Each structure stands twice: as structure tokens, then as C-alpha cells.
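# Structural overview for review
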Amino acid sequence: MKLGIVGSGIIVKEFLSIARHLKHTMILSLCCTKRSEDEARALAKEYLIGQIFTDYEEFLRSEADTVYLGLPNHLHFTYTYRALMAGKNVIVEKPFTPSIEQALVLSRTARENRLFLFEAVTTLYQPDYRRVKDLLPALGSIRLVQCSYSQYSRRYDRFKNGEVLPAFDPACAGGALMDINIYNVHYTAGLFGMPESVHYFANIERGIDTSGVLLLDYGSFLCSLTGAKDCSAPNSCMIQGDKGYLIQNSPANICKGVRMVLNDGAEETVVDHSYSHRMISEFLEFEKMIFSGDLETCYRYLDHSLCVCTIQTEARRMAGIVFPAEVEEAQ
């Protein structure tokens with residue numbers, strides 16, 4: 001693919017550090033704001049990127065056939081939609097969009113124009129996560145699922161002092177659910193699909209969730225998903241069935257090593273994380289699907305993103321967390 005990148009923040013820098021693993025990708029351009037132009041030019045020099053743009057419309061007229069968006073959450077919908085309308089394939093960082101209504105528009109636009117549209121979320125593409133799917137039947141009837149991802153944010157100290165940065169700003173679609181618990185939602189929905197009901201119990205400060213517990217009811221079993229940016233603890237995922245349990249002592253976006261213990265004492269350990277960085281597997285898959293023209297698989301992943309977006313939207317609204325952009329759209 002001929003790739004154009006939008007953004008110059010941490011996630012873009014991480015991607016550029018692993019781009020050498022992609023064999024069918026040329027990075028042609030980088031689009032940034034005028035404020036971050038110097039930083040973008042330094043990245044372009046380091047990674048031999050030929051073109052720098054500070055105008056998004058001009059960038060969309062360039063030679064790139066695929067756009068990678070590493071932007072704040074509230075910009076995902078608009079920038080993705082404009083890229084799709086310009087005939088570009090799009091890889092947009094998680095969370096896909098702030099609301100399911102926006103996600104449905106993007107999905108419809110991509111399918112109508114037979115374009116690739118991916119949510120860049122590492123969980124689904126990790127080799128160890130895929131092995132979890134294979135191991136599930138051995139656990140018997142699933143009874144409980146618990147995923148915990150707590151990561152104290154340095155920005156939270158500034159938030160407590162009155163400064164509102166995008167990570168804690170409702171206007172920027174921030175919060176613990178959108179930023180960190182979303183990985184747990186992907187982990188669970190990727191295994192079990194859409195739950196029967198969704199409940200979100202959040203610690204809310206100044207209109208945004210700084211931490212919370214998401215309860216998904218699948219009828220025959222329950223999932224408890226904890227995500228926090230205001231405290232920290234060991235991260236893990238555990239699935240319990242009536243014939244045994246499976247435990248992963250790493251967060252849902254990394255999936256590094258899985259151990260299954262059955263009631264009869266049998267154990268199996270899976271350590272199949274083939275690459276050194278969590279982003280490599282997902283981008284190799286994106287590259288493969290685009291290179292081979294595999295829209296069918298792409299749209300299956302897109303359906304999964306719609307499921308996750310439905311869960312996150314319902315949970316957030318149930319907790320009374322409203323993003324200003326939603327009010328504007330409703331009017």
C-alpha cells in the first residue's frame with residue numbers, strides 16, 4: 001500500500017518505529033498541523049518520508065492510496081469520512097468513533113465505495129489472543145470473565161489541578177472507557193460478540209470517567225471489565241468455565257502469554273507473541289488484506305468494531321457521559 005500518515009504524536013512515532021516490518025508498504029507522506037510542522041519534518045527526515053503536508057485536503061489529493069490516522073478521538077469521524085470520500089482506504093486508531101451513529105456512517109461509506117476501513121486495535125491480531133479462542137471449548141460452559149486494565153495517567157495529576165487535556169476532556173471524547181477499557185471490550189466482544197445488556201459504573205469527575213467497571217451480561221455468564229486512568233494495579237484477563245480457567249497476566253492490548261488450568265489438573269501454557277512490538281501483527285494483517293484485495297475479511301473486522309462501538313456508546317450514555325459533539329449533531 002502507498003501510505004499517508006496523519007498526525008505526529010506518540011502513536012504515530014510508535015508505528016514508524018515498526019514500519020520496517022512491512023514488506024508491501026511505502027510511506028509517502030505525513031500530514032500535520034502547522035504547530036507541529038517542525039516535529040513532523042524531523043520524523044520525515046529520520047524515516048525518509050518524502051512529503052509533508054499541513055493542509056488535509058491537499059494531502060488527500062496526493063498519491064497515497066491508504067491513510068493512517070493517529071489523531072485525538074474526537075477527530076476520528078470527520079477525518080476518516082473525508083478520506084473515504086476522497087477514495088482512500090483508512091486505518092484509524094482506536095477508539096473507532098465516539099458514537100455508534102458515526103461508526104455506521106463510516107461503515108456504510110466504506111462498503112458502498114468498496115474501500116478498506118480498519119480500526120487499529122492491537123488485541124484482535126495478537127497470536128496469543130487467537131489461541132485463547134482455540135482454548136475456550138476446553139473450559140466448558142463459561143461462567144465469569146474478568147479483564148482489568150489500570151494505568152495511572154500522568155495527565156491525571158494535571159487534571160486534578162484544574163487543567164483539562166484531551167485524555168480527560170468530554171469535548172475530545174476522552175475518558176477511561178474510550179482510552180483504556182476499550183481494549184477489554186475488544187477482548188471480550190471478539191470472543192463472545194454482543195452482550196444481552198450493558199451497565200457501566202464509573203467514577204466521574206467534571207463530566208468524564210476517570211475509571212470505571214463495565215458489566216456485560218451474556219445471559220449465561222457475566223463479564224466484568226475494569227479500566228482506570230486514576231489508579232494503577234496489575235493487569236490481567238481471566239476466563240472461568242465449569243471445567244477450568246484461563247488466565248493472562250498482561251493487559252488486553254498486549255496478550256502476552258496465556259495459561260489454561262483444567263479441573264482435572266491438566267495445564268497448558270501458550271507463549272506465541274511472535275513480534276517484539278504489539279503493533280506489528282495488526283499492520284501486517286492490514287497490509288495483507290489490502291495487498292490481496294480481501295474486503296470480506298476487512299468487513300468482518302469492521303462488523304466487530306461496530307459491535308464494540310455499540311457497547312461503548314450504550315455504556316457511556318448509561319453512565320451520563322455525554323460528548324458535546326453528540327448534542328450538536330442532535331440539533
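Residues numbered from 1 in each chain as written. Predicted model: local features only at pLDDT ≥ 70, side-chain atom pairs only at ≥ 80, totals over all residues. Heavy atoms only, no water.

### Side note on the overall build of the protein chain
A tally of helices and strands in the protein chain yields 11 helices and 14 strands. Against the globule reference of 20 Å for 331 residues, the protein chain gives a C-alpha radius of gyration of 20 Å, in line with a compact fold. Overall size of the protein chain, expressed as C-alpha extent along the three principal axes, is 60 × 45 × 35 Å. Counting across all 331 residues of the protein chain, residues that qualify as buried make up 55%. Total accessible area computed for the protein chain in this model is approximately 14500 Å², and 50% of it derives from carbon and sulfur atoms. Put simply, the protein chain has 33 plus and 40 minus side-chain charges, and the middle of one group is 4 Å from the middle of the other. (Helix = DSSP H or I, 4+ residues; strand = E, 2+ residues; numbered from the N terminus. Rg over C-alpha atoms; globule rule 2.2 N^0.38 Å. Buried < 20%, exposed > 50% of the residue type's maximum accessible area, 1.4 Å probe, protein only. Areas by Shrake-Rupley, 256 points an atom, 1.4 Å probe, with all protein chains shown as cover. Lys, Arg positive; Asp, Glu negative; His and termini not counted. Charge placed at Lys NZ, Arg CZ, Asp CG, Glu CD.)

### A few points about the nonpolar core
The biggest cluster of nonpolar side chains holds 108 residues, and the ones touching the most others in it are Phe 15, Tyr 56, Tyr 68, Tyr 187, Phe 192, Leu 214 and Ile 239. The contacts of Ile 239, once residues within four sequence positions are left out, are Val 132, Leu 136, Leu 139, Ile 142, Leu 144, Val 145, Tyr 187, Leu 191, Phe 192, Gly 244, Tyr 245 and Leu 246. (Core = buried A, V, L, I, M, F, W, Y, C linked by side-chain atoms within 4.5 Å. Contact = heavy atoms within 4.5 Å.)

### So, the domain arrangement of the protein chain
With domains assigned, the protein chain is organised as domain 1 (2-120 + 280-297) and domain 2 (124-270). The C-alpha-based centres of domain 1 and domain 2 are spaced at 26 Å. For the pair domain 1 and domain 2, the two sides together bury roughly 1100 Å², of which 60% comes from carbon and sulfur. Scanning the region where domain 1 abuts domain 2 turns up 2 salt bridges. Of the charged contacts, one joins Arg 130 and Glu 285 as a salt bridge, the two residues approaching to 3.5 Å between their closest N and O atoms. Between domain 1 and domain 2 we count 5 residue pairs in polar contact (both at pLDDT 80 or more) in total. Sort the elements by how many residues they give to the side of domain 1 that touches domain 2 and helix H9 (residues 279-292) lands first, with 5 residues. Across the side of domain 1 that touches domain 2, the residue classes break down as 4 nonpolar, 4 polar and 4 charged. (Domains from an automatic or database assignment. Buried area = accessible area lost by both parts, 1.4 Å probe. Salt bridge = Lys/Arg side-chain N within 4 Å of Asp/Glu carboxyl O. Polar contact = N/O pair within 3.5 Å; in protein donor to acceptor, adjacent residues only side chain to side chain. Nonpolar A, V, L, I, M, F, W, Y, C, P; charged D, E, K, R; others polar.)

### What to know about the sheet that holds strand E8 (residues 197-205)
Strands sit in the order E8-E9-E10-E7-E11-E12-E13-E14 across an open sheet of 8 strands; the sheet is mixed. In the strand order of this sheet, the two ends are held by E8 and strand E14 (267-270), each with one partner. Pairs of neighbouring strands in the sheet enclose a mean axial angle of 10°, with direction left out of account. Across 7 bridges, strand E9 (residues 208-217) lies against strand E10 (residues 222-228) in antiparallel orientation. Looking across to E10, one finds that Leu 214 is bridged to Leu 225. Against the sheet, helix H6 (residues 127-135) makes contact with strand E11 (236-241), strand E12 (244-248), strand E13 (258-262) and E14, and its axis sits at roughly 155° relative to E14, the strand it touches most. Most of the contacts of helix H10 (residues 295-318) go to E8, to which it runs at about 55°, and overall it touches E8 and E9. (Pairing = 2+ DSSP bridges. Axes fitted to C-alpha atoms, helices over the stretch in contact; angles between N-to-C directions.)

### Things to note about the environment of Phe 77
One can find Phe 77 in helix H4 (residues 76-85). The contacts of Phe 77, once residues within four sequence positions are left out, are Thr 97, Gln 102, Val 105 and Leu 106.

### Re empty space enclosed by the protein
In the structure shown here, the tally under the stated rule is 1 cavity of 30 Å³ or more. Of the voids in this model, the largest cavity is the one considered here, and its volume is about 30 Å³. Around the largest cavity, the lining residues are Leu 117, Phe 118, Glu 119, Val 121, Leu 124, Tyr 125, Tyr 301, Leu 302, His 304 and Ser 305. Among the secondary structure elements, those contributing two or more residues to the lining of the largest cavity are strand E6 (117-120) and H10. At 4 residues, the largest contribution of residues to the lining of the largest cavity is made by H10. In terms of residue class, the lining of the largest cavity is made up of 7 nonpolar, 2 polar and 1 charged. (1 Å grid on protein atoms, 1.4 Å probe; cavity = no way out; pocket = protein on both sides within 12 Å on 5 of 7 lines; lining within 4 Å. Points joined across faces, edges and corners; volume = space filled by probe spheres on them.)

### What to know about the packing of H4 against helix H5 (residues 100-112)
Following both chains from N to C, one finds H4 and H5 inclined at 15°, their axes separated by 10 Å at the closest point. One way to sum up the angle between H4 and H5 is to call them roughly parallel. In terms of crossing hand, the pair formed by H4 and H5 is left-handed. Residues Phe 77, Thr 80, Tyr 81, Leu 84 and Met 85 of H4 form the contact with H5, whose own contacting residues are Gln 102, Val 105, Leu 106, Thr 109 and Ala 110. Its residues assigned to classes, the contact of H4 with H5 shows 7 nonpolar, 3 polar and no charged. (Parallel < 35°, antiparallel > 145°, perpendicular 65-115°, else oblique. Left-handed = near helix turned anticlockwise from the far one by under 90°.)

### Side note on the pattern of salt bridges
Tallied over the entire structure, the rule returns 16 salt bridges. In this structure, the salt-bridge partner of Glu 14 is Arg 278, at a minimum N-O distance of 2.9 Å. Of the two residues, Glu 14 is situated in helix H1 (residues 10-18) and Arg 278 in the loop between E14 and H9; the sequence distance between them amounts to 264 residues. Overall, the relative accessible area of 22% leaves Glu 14 in the partly exposed class. Since its relative accessible area comes to 23%, Arg 278 is described here as partly exposed.

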